[in-house]
Amino acid sequence: MHYPWWYVPVLTAPMLIAIIAVLHVLVSHYAVGGGLFFAVEVSHAYRTGNREYLAYLKRHAPFFILLTVVFGAITGVGIWWTIGLASPLATEVLIHTFVFGWATEWVFFVLELTSAFIFYYYWDRLPPRIHQAIAWIYAISAWMSLVLITGITAFMLHPGTWLESPSFWRGFFNPQFVPQVISRTGGAILLTALYVYLHSSLTLPGGEVRNLIIQRSTRPALLGAVLITVGGLAWLAFLPPSARMALEAAAVLTVLTVLIFALTIVVFVLLYLGPYRNPGWMTPGFAAALLLFGLAAFSTGEFIREAVRKPYVVYGVVLGNQILEKEVPEFRKEGFLQSGWWTRQFVADRYPQVIQNGRILPERLLQLSEQDRRLLGQVIFMHHCNDCHAAETGYSAVGPLLFSRPREMLVDMIRHLHETHYFMPPWSGTPEEAELVTDYLLSIAPERPRGIYPTLEQLEARR
């Protein structure tokens, strides 16, 4: 609670991050796999003297540049903006831990941009040997960016021995690093093949070049599917115990995990039956279906990867409500409103009568009017809960979730939050502050809808 909260109505800030991040991930993996595709295929075209294939690759390049370098760069910056606003404490921890890694990644990113523009704008003006070298510089730079970013995002799920002895290298080479590099490299190769299938099926009506593209893209696509499967299984094996329990306990995550493996199998089978055994099947419709299955599998995987971290943003360090795990006992002792700079200033400005010697007295909070108690409850809710929950309507709204619970049950649930739901962060306030949050939650609970079971009092009255 060292930062102010960012309110995103209905959607919530984490879901906004998820939307931008998934869009970026789908494009950025094409940037990595596409780099390898161009490096290998341009080298092949030059080596075999296939001018027609080289001309197709040149026509494909603007599509690649616009989608990856332009759209990919915009969404990449968008991720930084949104995570900085929605999860400032987690962003701070990552920057302090991996500033050298971020700086190195930016060097490779500049190399990517520079080599991509030279590769495209100097096409036919560079000697073939130099043109191929530029393509390989882009491909290697893009893959190194993937490796560096993966080391940091994998750390968020499982910091490993960094928790006992923090250092850059312990954090970077965490238990999830190798599995995720394998699966992401496979994903980049597979998604690129699917993008190429769709582009070639739309722009080439037929002929030798189209057959050549299908033939040369299928084996890498199958390899990508295998790498995703191997990396995914290793990811499961090296999950921290709490994340594995989340997969087993949350029905939606169990279904999505099965779905991702099912979609990967579907893509693998379609690749084998379609472009590998029957290249003539590669119509725009077949290629679009393949790409949609691939994008669905990849997006599902990203959702699961984020969901199993609960209640943490950075496992064992930063909780989902932007509080350091080690700070929770102090918050519970001193009070949530007292412990945060922004909340403390708000109370001092609006309710000076509850402050004595610079400290907020919890017992005086309960002496405020009902309206003021609700307002303070809303302030605590926005700092403690807003990062994952909408209020009355929207994503995971607490109003409908807590509907019909009596006051005593709500207070008890709030005070034992992580014990009633292990994927929730622990309550980080005093018992009096739990009463304030209850006041607010009861004020936003929806009315009892028709058709729902009656209350116990109503049942008794019918006797």
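Here, residues in each chain are numbered from 1, in the same order as that chain's written sequence. Per-residue local features are limited, in this predicted model, to residues with pLDDT of at least 70; the limit for side-chain atom pairs, both in listing and counting, is 80 or more; totals at the level of whole chains, interfaces and linings are taken over all residues. Only hydrogens and water are removed before side-chain values are computed, so all heavy atoms of the structure are retained for them.

1. Examining the nonpolar core
The nonpolar side chains of soluble globular proteins are, as a tendency, buried together.
Inference 1: The set of buried Ala, Val, Leu, Ile, Met, Phe, Trp, Tyr and Cys residues whose side-chain atoms join them within 4.5 Å is what this entry labels a nonpolar core. The buried label applies to any residue whose accessible area, calculated with a 1.4 Å probe on protein chains only, is under 20% of its type's maximum; exposed applies above 50%, and partly exposed to all values in between. Ranked by size, the top nonpolar core spans 76 residues in total, and within it Tyr53, Leu57, Tyr197 and Leu271 carry the most contacts.
Inference 2: Ranked by size, the runner-up nonpolar core spans 35 residues in total, among them Phe381, Met382, Leu436 and Val437.

2. Here's the deal with a nonpolar patch on the surface
Inference 1: On the surface, a nonpolar cluster with roughly 760 Å² of combined accessible area is contributed by Trp80, Ile95, Val99, Phe100, Trp106, Trp169 and Phe173.
Inference 2: When residues in the nonpolar patch are grouped by element, the largest group, four residues, is from helix α3 (residues 88-121). A patch consists of residues whose relative accessible area exceeds 30% and which take part in no salt bridge; residues with like charges are grouped when within 9 Å of each other, and nonpolar side chains (Val, Leu, Ile, Met, Phe, Trp, Tyr) when within 5 Å. Throughout, the Shrake-Rupley method with a 1.4 Å probe supplies accessible areas, and for residues the shown protein chains are the sole cover considered. Think of a salt bridge as a Lys or Arg side-chain nitrogen and an Asp or Glu carboxyl oxygen that are within 4 Å of each other. A run of H or I in DSSP becomes a helix once it reaches four residues, and a run of E becomes a strand once it reaches two; helices and strands are each numbered from the N terminus.

3. Digging into the UniProt feature "transmembrane region" (unreviewed entry) in the protein chain
Inference 1: Under the present numbering, the feature "transmembrane region" (unreviewed entry) in UniProt falls on residues 15-40, 61-83, 103-123, 135-157, 177-198, 219-238, 250-273 and 285-304.
Inference 2: Counted over residues 61-83, helix gives 100% and strand 0%. Its end C-alpha atoms are 31 Å apart.
Inference 3: Structurally, residues 177-198 is divided into 100% helix and 0% strand, and its ends, taken at the C-alpha atoms, are 31 Å apart. UniProt positions are given in the numbering used here, feature names are shortened, and annotations may be inferred rather than shown by experiment.

4. A short note on the domain arrangement of the protein chain
Inference 1: Residue ranges labeled as domains rest on an automatic or database domain assignment. Assigned domains of the protein chain: these are domain 1 (13-316) and domain 2 (323-461).
Inference 2: On a C-alpha basis, the centroid separation for the pair domain 1 and domain 2 is 41 Å.
Inference 3: Contacts are assigned to residue pairs with any non-hydrogen atoms lying within 4.5 Å of each other. Of the residues lining the interface, 13 residues belong to domain 1; the matching set on domain 2 comes to 10 residues.
Inference 4: Summing both sides of the interface, domain 1 and domain 2 together bury roughly 950 Å²; the carbon and sulfur share of this comes to 62%.
Inference 5: Here a polar contact means two N or O atoms within 3.5 Å. Within protein one must be a hydrogen donor candidate and the other an acceptor candidate, and residues neighboring in sequence count only if both atoms are side-chain atoms. Seen at the junction of domain 1 and domain 2, the total is three residue pairs in polar contact (both at pLDDT 80 or more). Accessible surface is computed with a 1.4 Å probe, and the buried area is the amount of it that two parts give up when combined, taken over both parts together.

5. Observations concerning the packing of aromatic side chains
Inference 1: Aromatic rings from Phe, Tyr and Trp, with only the six-membered ring used for Trp, were paired whenever their centres fell within 6.5 Å, and each pair was classed as stacked if the ring planes differed by under 30 degrees, edge-to-face if by over 60, and tilted otherwise. All chains considered together, the criterion is met by 29 aromatic pairs.
Inference 2: On the numbers, 4.8 Å between centres and 90° between planes, the contact of Phe168 with Trp169 is edge-to-face.
Inference 3: Judged by its relative accessible area of 17%, Phe168 is buried.
Inference 4: The class for Trp169 is exposed, based on a relative accessible area of 52%.
Inference 5: By way of ring pairs, the aromatic residues Tyr30, Phe37, Phe38, Phe63, Phe64, Phe119, Trp123, Tyr138 and Tyr195 are connected into one cluster.
Inference 6: Criterion for a charge above a ring: Lys NZ or Arg CZ within 6 Å of the ring centre, and within 35 degrees of the ring normal. Over the aromatic face of Tyr122 sits the side chain of Arg125, whose NZ or CZ is 4.6 Å from the ring centroid.

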